[in-house]
Amino acid sequence: MTKHALVVLAHHRRDSLTAHIARRAVDRLTATGHTVDLLDLHAEDFDPRMTEADQPDWGNRDKRYSEVARAHMDRLLAADVVVVAFPTYWYSVPAMLKGWIDRVWNYGFAYGRSKPRLAGKRILWLALAGASGADPLIPDMQAALEGQLSAGLAYYSGFADSRVGLLPDAEEQPQTVGADGSFQLGEAVAGDARARHYAEFEARAVAFVDDFLAVAAPVSV
């Protein structure tokens, strides 16, 4: 049976590296036989602000949410796997993605039921970061993202598998934080070195997607 994937892009620039990685994820999913729904939150002008119509009603888990929220809920429900590509801001997701989660992954839909509606689905978070891969803060960033996204969101919503693919070195100029807390910006890579840098970066992103897809979906009992 054909599997369906939802790829969520959370970046304001269509020519960004994040957008490129999202498109590469679409390519890999398509190559493995998935049908793909690409949700570009900025291109679709999604409003991340919670509205009264989207506010959970704790006394009614079957509350009928706004038409916008319900449309996005349907796109989530239709997916067997979800891949989310975003830039890492302050050890977390950008406001647009957080607003999408707040409005769509709502009480009565993503949680608040003995068997969550999203139970059994799998999700991969592709988090691009400007920090250097050698920066000592990277393990803390990985742990923070896993705590928020895998434990605090996906597990809580019944996902069978959630993984964070952290991709440091997204910037042309290496970014590190000194022992005294000072921000340090290295010399930009250029020419052949730049081409190799981004070829390696893209290869790491594709490897995250391929490793994620190589794991068989759990069998329901």
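Note that this is a predicted model, so its numbers are computed, not measured.

Another aspect to go through is the overall build of the protein. Along its length, the protein carries five helices and seven strands. Shown N-terminal to C-terminal, the secondary structure of the protein runs as helices and strands in the order β-α-β-α-β-α-β-α-β-β-β-α. What you see for the protein is a C-alpha radius of gyration of 18 Å, in line with the 17 Å of a compact globule of 221 residues. Considering only C-alpha atoms, the protein reaches an extent of 55 × 40 × 30 Å along its principal axes. Looking at the protein as a whole, 44% of its 221 residues qualify as buried. For the protein, contacts bridging at least 24 residues in sequence account for 79% of all contacts bridging at least 6. For the protein, the centre of its 23 positive side-chain charges and the centre of its 29 negative side-chain charges are spaced 8 Å apart.

The end-to-end C-alpha separation of helix H2 (residues 67-78) is 17 Å, in line with the 16 Å expected for 12 residues at 1.5 Å each. Listing the buried residues of H2 in full gives Ala69, His72, Met73, Arg75 and Leu76. When H2 is viewed along its axis, its buried side chains cluster within an angular range of 160° and face the same direction.

This brings us to the nonpolar core. In a soluble, globular protein the nonpolar side chains are often hidden away together inside. Counting 40 residues, the largest nonpolar core has Phe86, Leu97, Trp100 and Trp105 as the members making the most contacts within it. Elements that contribute at least two residues to this core include exactly strand E1 (4-9), H2, strand E3 (81-87), helix H3 (95-104), strand E4 (122-128), helix H4 (138-155) and strand E5 (161-167). Broken down by element, the residue count for this core peaks at six residues, all from H4. In contact with Phe86, not counting residues within four places along its chain, are Ala10, Thr18, Ser92, Val93, Pro94, Leu97, Trp125, Leu126, Ala127, Leu128, Leu145 and Leu149. Ranked by size, the runner-up nonpolar core spans 23 residues in total, among them Ile21, Leu124, Tyr198 and Phe201.

Attention shifts here to the UniProt feature "domain: Flavodoxin-like fold" (unreviewed entry) in the protein. Taking the numbering used here, the UniProt-annotated feature "domain: Flavodoxin-like fold" (unreviewed entry) corresponds to residues 3-163. For the annotated span residues 3-163, helix accounts for 34% and strand for 18% of the residues, and the straight-line distance between the end C-alpha atoms is 19 Å.

Let's shift gears to the layout of surface pockets. What the largest pocket holds in volume is close to 540 Å³. What lines the largest pocket is a set of 23 residues, and nearest its centre among them are Thr88, Ala129, Gly130, Glu171 and Gln175. Each residue belonging to the lining of the largest pocket can be placed in one class, and the counts come to 13 nonpolar, seven polar and three charged.

Before going further, it helps to spend a moment on the pairing of E1. With five of its six residues buried, E1 lies for the most part within the structure. Across six bridges, E1 lies against strand E2 (residues 35-40) in parallel orientation. Looking at the pairing, Leu6 lines up with Asp37 of E2. Note that the unit made of E1, helix H1 (residues 17-31) and E2 has a crossover that is right-handed. Both E1 and E3 contribute to a ladder of five bridges, which runs parallel. Note that in E3 the partner of Val8 across the bridge is Val84.

The rules behind these values
- Residues numbered from 1 in each chain as written.
- Predicted model: local features only at pLDDT ≥ 70, side-chain atom pairs only at ≥ 80, totals over all residues.
- Heavy atoms only, no water.
- Helix = DSSP H or I, 4+ residues; strand = E, 2+ residues; numbered from the N terminus.
- Rg over C-alpha atoms; globule rule 2.2 N^0.38 Å.
- Buried < 20%, exposed > 50% of the residue type's maximum accessible area, 1.4 Å probe, protein only.
- Contact = heavy atoms within 4.5 Å.
- Lys, Arg positive; Asp, Glu negative; His and termini not counted.
- Charge placed at Lys NZ, Arg CZ, Asp CG, Glu CD.
- Expected span 1.5 Å × (residues − 1).
- Arc of directions from axis to C-beta.
- Core = buried A, V, L, I, M, F, W, Y, C linked by side-chain atoms within 4.5 Å.
- UniProt positions renumbered as here; feature names shortened; annotations may be inferred.
- 1 Å grid on protein atoms, 1.4 Å probe; cavity = no way out; pocket = protein on both sides within 12 Å on 5 of 7 lines; lining within 4 Å.
- Points joined across faces, edges and corners; volume = space filled by probe spheres on them.
- Nonpolar A, V, L, I, M, F, W, Y, C, P; charged D, E, K, R; others polar.
- Pairing = 2+ DSSP bridges.
- Right-handed = clockwise from strand over helix to strand, strands pointing away.

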